[in-house]
Amino acid sequence: MKALVAIKRVADYNVKVRVKSDGTGVDIANVKMSMNPFDEIAVEEAVRLKEKGVLSEVVAVSCGVAQCQETLRTAMAIGADRAILVETDAELQPLAVAKILKALVDKEQPDLVFLGKQAIDDDCNQTGQMLAALLDWPQATFASKVEVADGHSTVTREVDGGLETVKLKLPAVVTSDLRLNEPRYVTLPNIMKAKKKPLENVKPDALGVDVTPRIKTLKVSEPPKRGAGVKVPDVATLVAKLKNEAKVI
Ligand code: AMP
């Protein structure tokens, strides 16, 4: 069995991004970029399934600029067997990524596609769902446990009220939540080994996918600054303020 894992290169979660002065987006020039944390969890899960003998191959896929190769090398250092970069300088929205992934699924015929539940840059939480719809495959989003047996996957999902367990017939799409696993530390020998693993480069055109954006960003702005707090002399004043000013009790 084979798994495809979709990996996005995003501004590192430790970076405090700044909105561009013209409000057209955020400034990511000279900012540290890393693998989207949920995608790291997705790769780890696929690699663990391979180590358990459930999967025979793990293929990492990233869509975007040439530098996504570095992110794919990290995925291969975690344990992916090979990687595919769908290279484009164009702005990619979730529907375009889902269409690219669909074209690769048609070509690679995996049994499972793992994605992160959301990318921490656009926070869309759409690509996995769109991909499942385009493929007409079952999907389990927000996975916190994944088991695979007898042509099915049993997935525990994090939902508002607690945990939900669903059983999917393979092939299927699974998106990872934070508690699915703790990704391993990438070791130097594995980074060296990853340099020798195959990395294929294709263009969206070659896959027959039109990546033209469908959504126009009108404006990006900083969240409003929080006002300064006040010190209250006693509990009675606090309760009065919560009741009469904040009106929360
Ligand atoms: P989103 O719908 O943008 O929140 O992204 C959800 C997931 O889709 C991510 O965690 C990735 O697994 C995958 N994904 C989104 N954009 C890309 C991309 N450019 N290349 C590869 N995978 C992507």
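You'll find the structure just up there.
Note that the structure is predicted; figures quoted are calculated from it, not measured. (Residues numbered from 1 in each chain as written. Predicted model: local features only at pLDDT ≥ 70, side-chain atom pairs only at ≥ 80, totals over all residues. Heavy atoms only, no water.)

A. Molecular detail of the overall build of the chain. For the chain, the count of helices and strands is six helices and 13 strands. Summarising its shape, the C-alpha atoms of the chain cover approximately 65 × 45 × 40 Å along the three principal directions. For the chain, with 249 residues in total, the buried portion stands at 41%. Restricting to contacts in the chain with at least 6 residues of sequence separation, those with at least 24 account for 70%. When the accessible surface of the chain is split by element, carbon and sulfur atoms take 53% of a total near 14300 Å². Averaging the positions of the 36 positive and the 34 negative side-chain charges in the chain gives two centres separated by 3 Å. (Helix = DSSP H or I, 4+ residues; strand = E, 2+ residues; numbered from the N terminus. Buried < 20%, exposed > 50% of the residue type's maximum accessible area, 1.4 Å probe, protein only. Contact = heavy atoms within 4.5 Å. Areas by Shrake-Rupley, 256 points an atom, 1.4 Å probe, with all protein chains shown as cover. Lys, Arg positive; Asp, Glu negative; His and termini not counted. Charge placed at Lys NZ, Arg CZ, Asp CG, Glu CD.)

B. Representation of the packing of helix α3 (residues 94-108) against helix α4 (residues 127-135) within the structure. Across the interface, α3 lies against α4 with an axial gap of 8 Å and an inter-helix angle of 50°. The orientation of α3 relative to α4 falls into the category oblique. Regarding α3 and α4, the two cross each other, and that crossing is right-handed. Only Thr127, Met130, Leu131, Leu134 and Leu135 of α4 make contact with α3, whose side of the interface consists of Pro94, Leu95, Val97, Ala98, Lys99, Leu101, Lys102, Val105 and Asp106. (Axes fitted to C-alpha atoms, helices over the stretch in contact; angles between N-to-C directions. Parallel < 35°, antiparallel > 145°, perpendicular 65-115°, else oblique. Left-handed = near helix turned anticlockwise from the far one by under 90°.)

C. View of the pattern of salt bridges. Applying the stated rule across the entire model yields 17 salt bridges. Linking Glu108 and Lys2 is a salt bridge whose minimum nitrogen-to-oxygen distance equals 2.7 Å. In this pair, Glu108 sits in helix α3 while Lys2 sits in strand β1 (residues 2-6), placing the two residues 106 residues apart along the sequence. Assessed through its relative accessible area of 11%, Glu108 is described here as buried. On the basis of relative accessible area, Lys2 is assigned to the buried category, the value being 16%. With a closest N to O distance of 2.6 Å, Arg157 and Glu164 form a salt bridge. (Salt bridge = Lys/Arg side-chain N within 4 Å of Asp/Glu carboxyl O.)

D. Structural detail: the site of the ligand. What surrounds the ligand is a group of 18 residues, the closest being Asp39, Cys63, Ala119, Asn125 and Thr127. For the ligand, an oxygen atom lies 3.0 Å from a polar atom in the side chain of Asn36. Taking 490 Å² as the accessible area of the ligand by itself, protein coverage stands at 98%. Of all the secondary-structure elements, those providing two or more residues to the shell around the ligand are β6 (57-64) and β8 (112-116). With three residues, β6 is the single largest residue contributor to the shell around the ligand. Grouping the amino acids of the shell around the ligand by side-chain chemistry returns eight nonpolar, seven polar and three charged. (Near = heavy atom within 4 Å. Polar contact = N/O pair within 3.5 Å; in protein donor to acceptor, adjacent residues only side chain to side chain. Nonpolar A, V, L, I, M, F, W, Y, C, P; charged D, E, K, R; others polar.)

E. Region of interest: the environment of Leu199. Note on placement: Leu199 falls in strand β13 (residues 199-202). For Leu199 and Arg73, which are 126 residues apart along the polypeptide, the C-alpha to C-alpha distance reads 8.4 Å. For Leu199, the residues in contact, after removing those within four places along its chain, are Gln69, Leu72, Arg73, Met76, Ala83 and Leu85.

F. The arrangement of the sheet that holds strand β11 (residues 162-169) in detail. Pairing is mixed across the open sheet formed by nine strands, whose spatial order is β11-β10-β9-β12-β8-β1-β6-β7-β13. Either end of the sheet is taken by a strand with one partner, and the two such strands are β11 and β13. Each adjacent strand pair in this sheet contributes to an overall mean axis angle of 30°, direction not counted. Strand direction decides the pairing type here: strand β9 (residues 139-149) and strand β10 (residues 152-159), joined by six bridges, are antiparallel. Residue pairing in the sheet places Lys145 in a bridge with Thr156 of β10. The sheet strands contacting α4 are β8, β9 and β12 (172-176), and the helix crosses β12 at an angle near 180°. (Pairing = 2+ DSSP bridges.)

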